[in-house]
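Read off the chains here:
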Amino acid sequence: MNKQNSKAIYPILFGFFVMGFADVVGIATNYVKVDFSLSDTLANLIPMMVFLWFALFSIPTGVMMGKVGRRNTVVIALAVTALAMLLPLFFYDFACILLAFALLGIGNTILQVSLNPMVANVVSPDRITSVLTLGQFIKSISSFLGPIIAGAAASFWGDWKLIFLVYAVTTLISTIWLISTIPGKEKLEEAGATFATTLSLFKDKYIVSLFLGILFIVGIDVGLNTTIPKLLMERTGMPVSEAGLGTSLYFAARTIGSFAGAFLLAKLSGARFLKYSMFVAIAAFVLLLLVPDMWSMFVMIVIVGLACANVFSIIFSYALQHKPERANEISALMIMGVSGGALITPLMGIVADGFGQVAGLSILMLCILYICIISFRIDKK
């Protein structure tokens, strides 16, 4: 990696921190629910507005990236993200919140599709995997800090929405750093992925099973992100500002798990690692639904977070290995699976409104069981 590329990697890695801003939707949903006295069904429209766009914008972003370049696509993503963060500061009603999180989802979709391959522009091929893993670790730190910042803003300044100001300024810094460090002109690649070629991958049953695995693991992350504070408030009577720390605990565990996984997966089979992780996740999740006291719940939240930390990267890597000659299309398809956050949480909200939070969380148990099943299929290949 030359000196110019060495400098370029830092704003790219900082972009992964901005990528983690989408996970603020979990704690934000709980604050908005209280502010506007919403039902679980209505409140869960907010995470749906974030993750719906991964289904709609992933492939078009890949096409656009071939025309305007990766850096410019990342700049567009950051600009949309900054706009999303500014809206709630000036207009705070439920409709504007939905619009703000829709823009956040669009910006995050564009960012995820464009930032990951941008790493290949500045590092040698043998370092791409380690740098992407580091990027996911940085993203996890951002996800972990979100509820803490929101809680601090609510406790010390009396307005949780000030987190959006922090995020807007941070996004602006990221944009300036990227533009000033990485030149706008780059060699544009031939547009490989199209709607037709990408969607044709659904004819491959193995790819479909991995796509559903991505969809479900994102659903698990977003579902827990949104529901952990509700479960803590329901069982322990904690206020929302404190219950949000349960979400931070989950993301702290995922952060530690992703950091440890980067070393463990260099020595262990990814398929077997996935299988054993899901066994642990199933046991911890069952106990989370059953244990009554706060500290036991915290322990189970940590264990589930550790067990789920590397699922996305393992499934993603096996998808790429299945047909490496179609890596661009497979990447677009897998990112489209992030829309699981828009599909699982509304279903959880409907079930929770009718039968309680534990019943809503049972939807996530089914997702974990499915991932456990496909881990056996991956192990046989």
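Definitions and limits used
Residues numbered from 1 in each chain as written. Predicted model: local features only at pLDDT ≥ 70, side-chain atom pairs only at ≥ 80, totals over all residues. Heavy atoms only, no water. Axes fitted to C-alpha atoms, helices over the stretch in contact; angles between N-to-C directions. Helix = DSSP H or I, 4+ residues; strand = E, 2+ residues; numbered from the N terminus. Parallel < 35°, antiparallel > 145°, perpendicular 65-115°, else oblique. Left-handed = near helix turned anticlockwise from the far one by under 90°. Contact = heavy atoms within 4.5 Å. Nonpolar A, V, L, I, M, F, W, Y, C, P; charged D, E, K, R; others polar. Salt bridge = Lys/Arg side-chain N within 4 Å of Asp/Glu carboxyl O. Buried < 20%, exposed > 50% of the residue type's maximum accessible area, 1.4 Å probe, protein only. pLDDT = per-residue confidence, 0-100. Patch = residues over 30% accessible without salt bridge, like charges linked within 9 Å, V, L, I, M, F, W, Y side chains within 5 Å. Areas by Shrake-Rupley, 256 points an atom, 1.4 Å probe, with all protein chains shown as cover.

Topic: the packing of helix α6 (residues 70–90) against helix α9 (residues 162–181)
Here is step 1: Between α6 and α9, the least distance of the axes is 8 Å, while the angle of their chain directions is 160°. Here α6 lies roughly antiparallel to α9, going by the angle between them. The handedness of the crossing between α6 and α9 is left-handed. Contacts between α6 and α9 involve Arg 71, Val 74, Val 75, Leu 78, Thr 81, Ala 82, Met 85, Leu 86, Pro 88 and Leu 89 from the first element and Phe 164, Leu 165, Tyr 167, Ala 168, Thr 171, Ser 174, Thr 175, Leu 178 and Ile 179 from the second.
Here is step 2: Class assignment for the residues of the contact of α6 with α9 results in 14 nonpolar, 4 polar and 1 charged.

So, the pattern of salt bridges
Here is step 1: The tally for this structure, following the rule as stated, stands at 3 salt bridges.
Here is step 2: In this structure, the salt-bridge partner of Asp 23 is Lys 139, at a minimum N-O distance of 3.5 Å. Pair noted here: Asp 23 is in the loop between α1 (3–19) and α2 (25–36) and Lys 139 is in helix α8 (residues 128–156), with a separation of 116 residues, a long-range link.
Here is step 3: Residue classification places Lys 139 among the buried positions, given a relative accessible area of 16%.

Some details on the environment of Leu 42
Here is step 1: Mapped onto the fold, Leu 42 is located in helix α3 (residues 40–43).
Here is step 2: Given the relative accessible area of 38%, Leu 42 is considered partly exposed.
Here is step 3: A C-alpha to C-alpha distance of 41 Å links Leu 42 and Leu 264, two positions 222 residues apart in sequence.

Digging into the packing of helix α5 (residues 53–68) against α6
Here is step 1: Two numbers describe how α5 lies on α6: the axes approach to 7 Å, and their chain directions differ by 125°. As far as their axial angle goes, α6 and α5 are oblique. On α6, the residues that touch Thr 61, Met 64, Met 65 and Val 68 of α5 are Arg 70, Asn 72, Thr 73 and Ile 76.
Here is step 2: Here the residues of the contact of α5 with α6 are counted per class, giving 4 nonpolar, 3 polar and 1 charged.

Points about the environment of Val 113
Here is step 1: Tracing the sequence through the fold places Val 113 in helix α7 (residues 94–122).
Here is step 2: For the pair formed by Val 113 and Ala 8, sequence separation is 105 residues and the distance between their alpha carbons is 18 Å.
Here is step 3: Contact partners of Val 113, with chain neighbours within four places excluded, come to Ser 58, Thr 61, Gly 62, Met 65 and Ile 335.

Some words on the confidence of the model for the protein chain
Here is step 1: Residues of the protein chain with pLDDT of at least 70 account for 92%, and the chain-wide mean is 84.
Here is step 2: Here helix α16 (residues 327–336) stands out as the least confident element of the protein chain, with mean pLDDT 79; α9 is the most confident, with 94.

Examining unusual backbone geometry
Here is step 1: Although it is not a glycine, Ser 37 adopts a positive phi angle of roughly 50°.
Here is step 2: Along the chain, Ser 37 falls in the loop between α2 and α3.

As for a nonpolar patch on the surface
Here is step 1: On the surface, a nonpolar cluster with roughly 650 Å² of combined accessible area is contributed by Leu 86, Leu 89, Phe 90, Phe 91, Leu 165, Val 169 and Ile 173.
Here is step 2: Within the residue set of the nonpolar patch, elements represented by two or more residues are α6 and α9.
Here is step 3: Position of Val 169 relative to the elements: it lies in helix α9.

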